[in-house]
Amino acid sequence: MDEVAATQLARRVEEHRQVIAERVATRLLRAFPELTHTLRLEENYGPVERMAEVAVRPLSDLIRAMLLFDALEIAETELRWARGVLPRWGVSYEHTTAMIRWYFEELNRLPLSSAERTVAMEVERHLLHLMIRLYRSPNHHKVPA
């Protein structure tokens, strides 16, 4: 991973964290209205704000850490945990991969350099391949076709 581009991209991820989180959360709740039932809504939060807080912002933090530490492997621990816990709350492979794809679509709407786009694509590809591997492990159900 290009260290300079990764650092620049990490800065952009942080600068646009809130906007990206709200856009992806809105898109997730429109595409998967059943996710509203998985959120523990609190008095001061609507579904979009809560989804942004509990799902998209943590993904943003994970991506930023991967970029800053040049360590794609950081994602495995987080996604392995999510794979073990989130299905109990109705969060599926489709929900998580959609969030990852849509996060990077939003990120790529920013005026990124060619090097930043390359790094973003590398991180996205890594996350999606990791999802496939985790969901196809012998201890879990196979990825839906």
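Residues numbered from 1 in each chain as written. Predicted model: local features only at pLDDT ≥ 70, side-chain atom pairs only at ≥ 80, totals over all residues. Heavy atoms only, no water.

(A) Quick look at the environment of Leu-79. Locating Leu-79 in the fold gives a position in helix 4 (residues 74-85). Judged by its relative accessible area of 9%, Leu-79 falls in the buried class. Taking the C-alpha atoms as reference points, Leu-79 and Met-51, 28 residues apart in sequence, are found 17 Å from one another. Not counting residues up to four positions away in its chain, the partners in contact with Leu-79 are Leu-127, Leu-130, Met-131 and Leu-134. (Helix = DSSP H or I, 4+ residues; strand = E, 2+ residues; numbered from the N terminus. Buried < 20%, exposed > 50% of the residue type's maximum accessible area, 1.4 Å probe, protein only. Contact = heavy atoms within 4.5 Å.)

(B) Geometry of a negative patch on the surface. On the surface, Asp-2, Glu-3, Asp-70 and Glu-73 cluster together into a negatively charged patch. Looking at where Glu-73 falls in the secondary structure, it is placed in the loop between helix 3 (47-68) and helix 4. (Patch = residues over 30% accessible without salt bridge, like charges linked within 9 Å, V, L, I, M, F, W, Y side chains within 5 Å. Areas by Shrake-Rupley, 256 points an atom, 1.4 Å probe, with all protein chains shown as cover. Salt bridge = Lys/Arg side-chain N within 4 Å of Asp/Glu carboxyl O. Lys, Arg positive; Asp, Glu negative; His and termini not counted. Charge placed at Lys NZ, Arg CZ, Asp CG, Glu CD.)

(C) The arrangement of the layout of surface pockets in detail. Space inside the largest pocket adds up to approximately 710 Å³. Along the walls of the largest pocket sit 24 residues, with Val-54, Ala-55, Trp-81, Leu-86 and Val-91 positioned nearest its centre. For the lining of the largest pocket, the secondary-structure elements that each account for two or more residues are helix 3, helix 4 and helix 5 (93-107). Broken down by element, the residue count for the lining of the largest pocket peaks at seven residues, all from helix 3. (1 Å grid on protein atoms, 1.4 Å probe; cavity = no way out; pocket = protein on both sides within 12 Å on 5 of 7 lines; lining within 4 Å. Points joined across faces, edges and corners; volume = space filled by probe spheres on them.)

(D) Looking closely at the confidence of the model for the protein chain. Scored by pLDDT, the protein chain has a mean of 90; 91% of the residues are at 70 or more. Averaged pLDDT values over the elements of the protein chain bottom out at 91 in helix 4 and peak at 97 in helix 5. (pLDDT = per-residue confidence, 0-100.)

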